[in-house]
Structures are given as C-alpha cells and as structure tokens.
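Listed here are the chains, written in short residue letters.
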Amino acid sequence: MKLPNRITWEKRSYFERRLLKQILAHHVGQIWYLEILIPEVRASDFIGRKFVTKNQYIEYLQELGIEFFQSDQGLCYAKISKGDATYALSLDSGDFKQFVMLRIYEKFGKAMDDRQLKTIAVACRAKALFGEDKRNVYIRTAPIDPTNPFEGIEIDLGNDQGECVRITKNSIEVDQPSVLFLRPQNLLPLPKPADSGDILKLFDYINVDGNEQRLTLLSFVINALLPEGPYPLLILTGQEGSGKTSATEFLSSVIDPRTGVNRAMNQNERELAISASRSHLMTFDNLSGIRFNISDFLCRLSTGGTFEIRRLYTDTDVLEINFSKPVIMNSIVDLVSKPDLAQRTYILELTSLSEKNRKTKSELKKSFVEDQPVIFRGICEAIQMGLQMRKVTKLLKPPRMADCAKFAASASPAFGSTPDAVVKAMEKVQDNQRLYIASVDPVFQAVQSLMEKVTEWDGTATELYNLLGETFSADGIPRPSNWPKTVENFSKDLNRLQGNLLGMGIKYEKERTAKSRTIRLSRASSITKLVEEYARVSIA
C-alpha cells in the first residue's frame, strides 16, 4: 500500500486541519492512516474514546422533562423546570443556549461551541415545529381564561418557587400558575402581596400633585397589569429634581420589575419590536424627542399591531409578532406633537421636591422595598374591584382609550373615588395635551382662527389651503416653517387633527360626490358641548 507523503500539521491549511479533525472524530478505525498524515497525533489518544452525538444530547434534554412546542404565532419554545419553577424559554434566545450549555456540561463534562449549540437549536426547533403541541405563553401577566380575559388574571411573581398571584372576582391568592410564563433573563421578581393593601402609598414615592393626575396615574397602573391591550402610554415630565427617573423605577417595580429600566430609546423599529417581545412593560429614560416613525410605532404598540422582523441571515423569511404593550417615558421637555400619539398618552407633570423633603436614593429604595408588598396588594385589590364592577359600568360618552377608561372607572372605589371623577380626570389630562398641540400646530391655529370669524365654511381642500395661506400674507405674518407644502399634506393634517378640532368645538366633515370632494367646517353649539362634557359615566 502506497502511503502519502508526510506533511507536518502546521503546514496544512485551516480547512484541511478542520476536515482531518472531523474524520478523526467519526472514523476512529482509521487512526493508523491519519497518523501518517499528522505525525503529532497518536492513536492511543483516541482509541476507546466515546463520542456524544447530537441525538444523544437532545434525548438527554428530553429526559430532563423539557418539552418543545410552538405558539399560535409560530414561535418555538421549550418548557423547562428549574427547582420548583416551571416556565418557558424561546429557542432563539441566549437564555435557552445558556441553559443547554449548563445541562450538557453537568452531564457530559463537555463545553459546547457555537456551532454545536446552533445544531442542537435547529433540531429542537424541528421538534417544536413538527410536533402537535401548541400553547400560548405570556410575559408577567396572563388571563385565566383566554376566551374571557376579565374572568380573572394571573401575575407571574418571577420567584424561584414559580408562583403567581391569581386575581379573580372573589379572591386574591398566591399559587402555581395554570398557564406557561416566559421568563426572559432580565426579569426580576415581584413581592408577594401583603395581607392588606394601600395603593395610595404609591404617592409617597411619586411627586404627583392634583387629584386628576393622581387618579390618571392609578388608572394607568392597573390597566398596565391587564393581560391584553389596548394600553395607555405614560409620559412623566418635570423640572430637574422632580424625581422622574426614580418615579419610572418605582412604577416598573410594581408592574414589571426587570434590569435595565433606565435605558435610552433605540431609534430602530426592529430593535424596539425585539425589545418589546422580551418584556411586558417598556420604559425609556430622559428622552429629548420622539421621531415621527417612532411616534407611529408607539401608537401601534399602544393599541396593538403586527410587527414584521426580518430573520437574521435570511433574505426572505419574516417573523411576524403581534402584541400590545404599556410604555412609560420620562423627559424634561414636551415629547408629543402628533395628535394620534397624544390621544393615547397620559402626560403627568411631577413637582420638584423641597430641600427639606429630599432623601437619598438608598433611603428611598429601602423604604420602598418595605412598602412594596402593601402597594402591590393595593393594586391587586383595585384590579379585583375592576373585574367585579366592569360588567355593570357603562360609559355614556366613551372617551379615547375607552377600554382603559372603563376598567379604571370600574376600579374607582379602590382609589377612594367615583367612576365619574376618574373618567373626568383622564379627560382633563388629555385635554391639557390637546391644548398644547393646538398651541404649536399651525394648521390647527389657522382653522381655529378662521372659525372665530365664521360659523360655517364649505369648499374644497385646495380652496381652504389657499384661503388660510392668504391669511398669513394679509396679516403680514410669514408662513410657519412646518406649514404643509402641498394640498395633499394639508388634507392629511386636517384628517389627523379631526379629533382635536372636535374637542375645541369645531366639526370637520368630508363629502364626496361623483364630481367633487368637499369639506365642511362648522362650530358645535355650546349646549351640545356642555352635555358631552358632563354626561359621561353612569353605573347601571
């Protein structure tokens, strides 16, 4: 038998060495031949060695009780147990890879590289995709009955015992969950609720003045813990020293505590969607502005929408994620300028602390940790009240975000208030934001100025655009830089401002015929506005 020339190991290319290693691993019987090619290798190092295959790894994972399944949205998960806790991990997540690495190392004493991990992840994903097991997974909060989310909810405490708080119309109890929760790596535990609660102790740590703002904040908190949206967005504003960052941390600690609360807002929609898929509550700290595309993203995130994310390393595969999330932001400046975002947002102004009432951050945290179980119990009691009273609470004139307003009105006795007062408080906060937008939007100001002179106007969008443009010239005022450049953009602005105009008593209507498209502006009567303002809520 003619043997090949002896070539030293160092002179071989990377790919040759890798190929020879693979042959060496899978064909142990050919060691004698490879010794000729690789003088540095000896057969005695490999004879009798046991090699673990991919299937053996997966079989071992299943022996540990791990189940592979997919959700209704086609996402793949593993159901795992750690101590007394049972929860889900996404097969695409780094959390699952770390779990596999740890278990394989404990069993076989072997560390796995990225290539082996990817191979095992692909095999696990195949078991999930082609298996018959389908179930829903939830982050932090879930309905007891998915077909009727207001029959009761479960809130994942995130502790090592795998416990949750189950809230029904008749009870609040700590128990093992009946659903499967997803536990991302950044999730932190909630405290077990105390025997008695006081939701108003939350204001010992958040400097919100005025009954309207306090009721609005409580309305946001209880809605944020519901398992399904729509969810309102919350913006905390105030001067330096008003505790905006601390308030964001405290609110997150009673809704969805996790690491990385005080983070900046990513300007990439794909990254934001991925971040939203890994937590129940999103928080952003110290913002200086919101771009228009991010404003639209937040609107969809509030009321629910489908977010398309292109899978990495592919050209055509798109992952569709459908969800709705509550959001908390804080800033020293006014963030909202678009009416559609303003209608979904509660903007609360925090007051600055006096030097006498200032405490160090460590003192505040220590005190908050002591009061957190009492506050959380108070939140649970408010949610229970909302579940009990929701069916009998009727809104005669529902405001924007009507679902949130209805549930908050149902829970109002737990706030020490009434349904009417809660809804009026939420409307007052949104009206203030509407007035701010009116003060900075040139189209709104121009239309309002026109309707102060006439009671009704009819015509086309082009005629109105030219008329309002001529008004600037007649008054000797230059057109604002953000005045729409075309009639098409002007029409879009009118459609966007329709709700704000109506809130100020100006009715905007469109009429379309075979020959033309016209618009009509008219002033609403003061009697109608008065009825709409006070005839809001009743209890059946």
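Caption draft 1: Representation of the sheet that holds strand E11 (residues 282–287) in the model. The strand order E11-E14-E10-E15 describes an open sheet built from four strands, whose pairing is parallel. Each edge of the open sheet carries a strand with a single partner, namely E11 and strand E15 (345–349). Mean inter-strand twist for the sheet, computed between neighbouring axes without regard to direction, equals 15°.

Caption draft 2: Representation of the environment of Phe 69 within the structure. Of note, Phe 69 is situated in strand E1 (residues 67–70). The exposure class of Phe 69 is buried, given its relative accessible area of 0%. Placed 55 residues apart in sequence, Phe 69 and Cys 124 show a C-alpha to C-alpha distance of 9.2 Å. The contact partners of Phe 69, leaving out residues within four places of it in the chain, are Leu 75, Cys 76, Tyr 77, Ala 78, Lys 79, Ala 88, Ala 128, Asp 133, Arg 135, Val 137 and Leu 180.

Caption draft 3: Focus on the pattern of salt bridges. Scanning the entire structure with this criterion turns up 23 salt bridges. Between Lys 201 and Asp 371 there is a salt bridge whose closest N-O contact spans 3.9 Å. Of the two residues, Lys 201 is situated in the loop between strand E9 (180–181) and helix H6 (211–224) and Asp 371 in helix H11 (residues 361–389); the sequence distance between them amounts to 170 residues. Each of Glu 154, Arg 166, Glu 173 and Asp 175 takes part in salt bridges that share partners, so that together they form one network.

Caption draft 4: Seen up close, the pairing of strand E14 (residues 327–331). Burial analysis of E14 places five of its five residues in the buried class, which makes it a mostly covered element. Taking every second residue as pointing to the same face, both faces of E14 are buried, with Val 327, Met 329 and Ser 331 on one and Ile 328 and Asn 330 on the other. Of the pairings in the sheet, the one linking strand E10 (residues 233–237) to E14 comprises five bridges and is parallel in character. Its bridge partner lying in E14, Leu 234 is registered against Ile 328. When E11 meets E14, the two strands line up parallel, connected through four bridges. Pairing of Thr 283 across the sheet is with Ile 328, part of E14.

Caption draft 5: Structural view of the environment of Gln 445. Tracing the backbone through its elements, the reader meets Gln 445 in helix H14 (residues 442–451). Residues Gln 445 and Leu 501, 56 residues apart in the sequence, show an inter-C-alpha distance of 9.9 Å.

Caption draft 6: Spatial organisation of the nonpolar core. Grouped together as the largest cluster of nonpolar side chains are 56 residues, with contacts concentrated most on Ile 167, Leu 234, Leu 251, Ile 383 and Phe 415. Per-element tally for this core: the top contributor is H11, with eight residues. The residues touching Ile 383, leaving out its near neighbours within four places in the chain, are Ile 153, Ile 167, Ile 222, Leu 225 and Phe 407. Formed by 25 residues, the second largest nonpolar core is a distinct cluster that contains Leu 233, Ile 235, Phe 284 and Phe 323.

Caption draft 7: Region of interest: unusual backbone geometry. In this model, Gly 229 is joined to Pro 230 through a cis peptide bond whose omega is 10°. Phi at Arg 140 is positive, roughly 70°, even though this residue is not glycine. Topologically, Arg 140 is positioned in the loop between strand E4 (137–138) and strand E5 (141–143). Taking relative accessible area as the criterion, Arg 140 reaches 0% and is therefore assigned buried. Look at Asn 286: it is not a glycine, yet its phi comes out positive at around 55°. Its location among the elements puts Asn 286 in strand E11.

Caption draft 8: Summary view of the sheet that holds strand E8 (residues 172–175). A sheet is described by the order of its strands in space; here four strands give the open sequence E5-E6-E7-E8, paired in antiparallel fashion. Two strands close off the open sheet at either side, each with one partner strand: E5 and E8. Averaged over neighbouring strand pairs, the angle between their axes works out to 25° when direction is ignored. Here strand E7 (residues 164–168) runs beside E8; their pairing, made up of four bridges, is antiparallel. Within the sheet, the bridge partner assigned to Val 165 lies in E8 and is Val 174. Sitting on the sheet, H11 is in contact with strand E6 (152–156), E7 and E8, with an inclination near 35° to E7.

Caption draft 9: Molecular detail of the side chain of Arg 344. You can see Arg 344 is positioned in the loop between helix H10 (339–342) and E15. There is a polar contact of 3.5 Å between the side chain of Arg 344 and the backbone oxygen of Cys 299. In this structure, Arg 344 is in contact with Pro 232, Leu 233, Cys 299, Ser 302, Thr 303, Arg 400, Met 401 and Gln 430, ignoring residues within four places of it in sequence.

Caption draft 10: Looking closely at the packing of aromatic side chains. A full pass over the atoms with the stated rule returns eight aromatic pairs. Ring geometry for Phe 69 versus Tyr 77: centroids 5.8 Å apart, planes at 25°, classification stacked. With a relative accessible area of 7%, Tyr 77 lands in the buried category. Judged by centre distance (4.6 Å) and plane angle (35°), the ring pair of Phe 250 and Phe 368 falls under tilted. Here Phe 250, found in helix H7 (residues 244–255), pairs with Phe 368, found in helix H11; they are 118 residues apart in sequence, far enough to count as distant. There is no split in this pair, since Phe 250 and Phe 368 are both buried. One aromatic cluster is present, formed by Tyr 205, Phe 250 and Phe 368 through successive ring pairs.

Caption draft 11: Layout of the pairing of E6. Burial analysis of E6 places five of its five residues in the buried class, which makes it a mostly covered element. The alternating pattern of E6 places Gly 152, Glu 154 and Asp 156 and Ile 153 and Ile 155 on opposite faces, both of which are buried. Judged from the three bridges that link them, E5 and E6 form a sheet pairing that is antiparallel. Pairing of Pro 143 across the sheet is with Ile 153, part of E6.

Caption draft 12: Highlighting the side chain of Lys 325. When you line up the elements, Lys 325 lands in the loop between strand E13 (318–323) and E14. A polar contact is formed between the side chain of Lys 325 and the backbone oxygen of Ala 276, at a distance of 3.5 Å. Apart from the residues lying within four places of it in its own chain, the contact partners of Lys 325 are Ile 139, Tyr 231, Ala 276, Ser 279, His 280, Leu 301 and Ser 302.

Reading guide: rules and limits
Residues numbered from 1 in each chain as written. Predicted model: local features only at pLDDT ≥ 70, side-chain atom pairs only at ≥ 80, totals over all residues. Heavy atoms only, no water. Pairing = 2+ DSSP bridges. Helix = DSSP H or I, 4+ residues; strand = E, 2+ residues; numbered from the N terminus. Axes fitted to C-alpha atoms, helices over the stretch in contact; angles between N-to-C directions. Buried < 20%, exposed > 50% of the residue type's maximum accessible area, 1.4 Å probe, protein only. Contact = heavy atoms within 4.5 Å. Salt bridge = Lys/Arg side-chain N within 4 Å of Asp/Glu carboxyl O. Core = buried A, V, L, I, M, F, W, Y, C linked by side-chain atoms within 4.5 Å. Polar contact = N/O pair within 3.5 Å; in protein donor to acceptor, adjacent residues only side chain to side chain. Phe/Tyr/Trp six-rings, centres within 6.5 Å; stacked < 30°, edge-to-face > 60°.

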